[in-house]
Amino acid sequence: MRKVVLPVIGVTAALSLAASMPAAAQSLEGAVKALNAAGTHSLSLTGTGQWFQFGQAPNPTLAWPRFDVSRYAADFNYDSASARVQITRSQTIEPGRLRPAPVEQKVDQYVSGTHAWNLPTGNAANPAPTPQPTALAERLAEIWSTPQGFLRAAQANNAKSVVKAGEAEVSFTVDGHYRFVGIINAANQVVKVRTWVDNPVLGDTLVETRFFGYRNFGNLYFPSQIERLQGGYPVLDLQISDVKANPAVDLPVPAEVASAKPVAPTVTVTKLAEGVLYLTGGTHHSVAIEQRDHVVVVEAPLNEERSQAVIAKVKEAIPGKPIKFLVNTHAHFDHSGGLRTFVNEGATIVTPAANVAYYRKIWGAQRSINPDSLAKSRKGAQFAAVEGKRVLSDGKRRIEIHSIAGSGHSDAFALIYLPAEKILIEADAYTPTAANVPPPSSPNPYSVNLYDNIQKLGLDVEQIAALHGPRVVTLNDLRTAIGQASASR
């Protein structure tokens, strides 16, 4: 989004000119004048409301899960294209869904120019910033999706304006492919901004921000309510309590972030049994299972880059055999972001039945911002649905895929079991901790549910290869994690 970031002098000149023009109804120039966009170089706002966890719906047909926000604070500097957003939130437990007890979460997120980063929210004296390059486009879009930010970006990027049904539709493109479309009403208020960002699962993903209840916050007209939708469902709903125009907002890029180099995904191979390889590295893992004439891979997390690294490592470790199946545990975006890469590789996607129609639908979306390998090859996806149980066998090794029943985490959830090797593969139901970390004071209901499913299915488990966490564990580790009382049922 560099075109918006760089022409600061051009933005100021254009807005100064617009401020001296008559305020025409439902027009870009009228809105610039009515909302004092020319004179607003920075802005701070605070509020409360709801935040929703994008990409983590407990069912492919449901909205993103909700968190209550007790504090939302954002600072924007339009001249330097920088922002800081702080959120204090706690998950809302949906009726009838068993989840871990909510804990207060705090986030501290930044963007400036071509860099995005987070700061930890603990009590560290000198917290180290963490680069977040994949969040850059979305965080910049948030700057230009505020009313004053949208107007400034429109002026700087030669926006086109068309009056339709008493409203002005203002549109422009940033950096060649980031589109913005805003609606200005008859009162010269920006009431909606639409833009699109890339997502590994959804492709070109609509982010729509809506504004309601403009009022005077001292010396600036600003909406008293902001709603944002992403991927068709709400991600933010704020009641604004205070807005300040032109506060001091200085957000220099930390040296560690400015000098950070892109980190290529790494894949480390650990042998769990003959022909069963644990593929770790970073936050998410996979497993490769060798069959007579092909390979089965379990899980394609995060994005195409991660899946390409996994595919390359599988070909190196098990040469000469194609990847025929990719087993997907559930549809949460951090566990399905690399599926399309395996489709392009020729693999059939094995997933709970409820996910199949969802993947077919969303994979038909446009991918113009960042076309992946499947968008370029246009290969068709092949699926094998799991309903209760499905077995993949080459006549020698048997791979069982079982539905996980009754989990509050996902309604379309699967575990993988290798009966000959007594290995269980699972994601998110149980995340082992380091060996020296004491068990939690209260058991995670997802882990209790996993143990219940293991018992009901009669699985004889010796090793658990969790797709998160630092180590392979045993069934006894799971028992310890959920407490002896739970384990004795």
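Values in this document were obtained by computation on a predicted structure and should not be read as measured data. (Residues numbered from 1 in each chain as written. Predicted model: local features only at pLDDT ≥ 70, side-chain atom pairs only at ≥ 80, totals over all residues. Heavy atoms only, no water.)

Caption draft 1: Focus on the sheet that holds strand β25 (residues 463-466). Read across the open sheet, the 5 strands follow the order β21-β22-β23-β24-β25; overall the sheet is mixed. The open sheet terminates on both sides in strands that have one partner only, identified here as β21 (389-393) and β25. The sheet shows a mean angle of 20° between the axes of neighbouring strands, taken without regard to direction. For strand β23 (residues 414-418) and strand β24 (residues 423-426), the ladder comprises 3 bridges, and the chain directions are antiparallel. Within β24, the position partnered with L418 by the bridge is I423. Lying on the sheet, helix α12 (residues 445-457) is in contact with β22 (398-403), β23 and β24; it crosses β24 at an angle near 140°. (Pairing = 2+ DSSP bridges. Helix = DSSP H or I, 4+ residues; strand = E, 2+ residues; numbered from the N terminus. Axes fitted to C-alpha atoms, helices over the stretch in contact; angles between N-to-C directions. Contact = heavy atoms within 4.5 Å.)

Caption draft 2: View of the pairing of strand β17 (residues 295-298). Taking every second residue as pointing to the same face, both faces of β17 are buried, with V295 and V297 on one and V296 and V298 on the other. As paired strands, strand β16 (residues 286-290) and β17 are joined by 4 bridges and run antiparallel to one another. Its bridge partner being in β17, I289 is matched across the sheet by V296. Between β16 and β17, which pair antiparallel one after the other, the connecting turn spans 4 residues. Two elements, β17 and strand β18 (residues 323-327), share 4 bridges in a ladder whose sense is parallel. Among the inter-strand pairings, V296 is bridged to a residue of β18, identified as F325. Crossover β17 to β18 through helix α7 (residues 304-317) is right-handed. (Buried < 20%, exposed > 50% of the residue type's maximum accessible area, 1.4 Å probe, protein only. Right-handed = clockwise from strand over helix to strand, strands pointing away.)

Caption draft 3: A look at the pairing of strand β1 (residues 42-52). Counting buried residues in β1 gives 8 out of 11 residues, a clear majority hidden from the surface. As defined by bridge partners, β1 adjoins strand β2 (residues 66-77) across 10 bridges and the pair is classed as antiparallel. Bridged to F52 within β2 is R66. The pairing of β1 with strand β13 (residues 233-245) spans 9 bridges and is antiparallel. Its bridge partner being in β13, G47 is matched across the sheet by I240.

Caption draft 4: Local environment of the nonpolar core. One finds L45, Y72, L151, F180 and V190 to be the most contacted residues of the largest nonpolar core, which totals 57 residues. Sequence-distant contacts of L45, that is, excluding residues within four places in its chain, are made with Y72, A73, A74, F76, F222, I240, D242 and V243. Counting residues in hydrophobic clusters, the runner-up holds 35 residues, among them A288, A309, V314 and Y359. (Core = buried A, V, L, I, M, F, W, Y, C linked by side-chain atoms within 4.5 Å.)

Caption draft 5: Highlighting the sheet that holds strand β20 (residues 383-386). The mixed open sheet is built from 7 strands, whose spatial order is β14-β15-β16-β17-β18-β19-β20. Only two strands of the sheet have a single partner each, and these edge strands are β14 (268-273) and β20. Averaged over all pairs of adjacent strands, the angle between strand axes in this sheet comes to 20°, irrespective of strand direction. Sitting on the sheet, helix α10 (residues 353-362) is in contact with β19 (348-352) and β20, with an inclination near 125° to β19.

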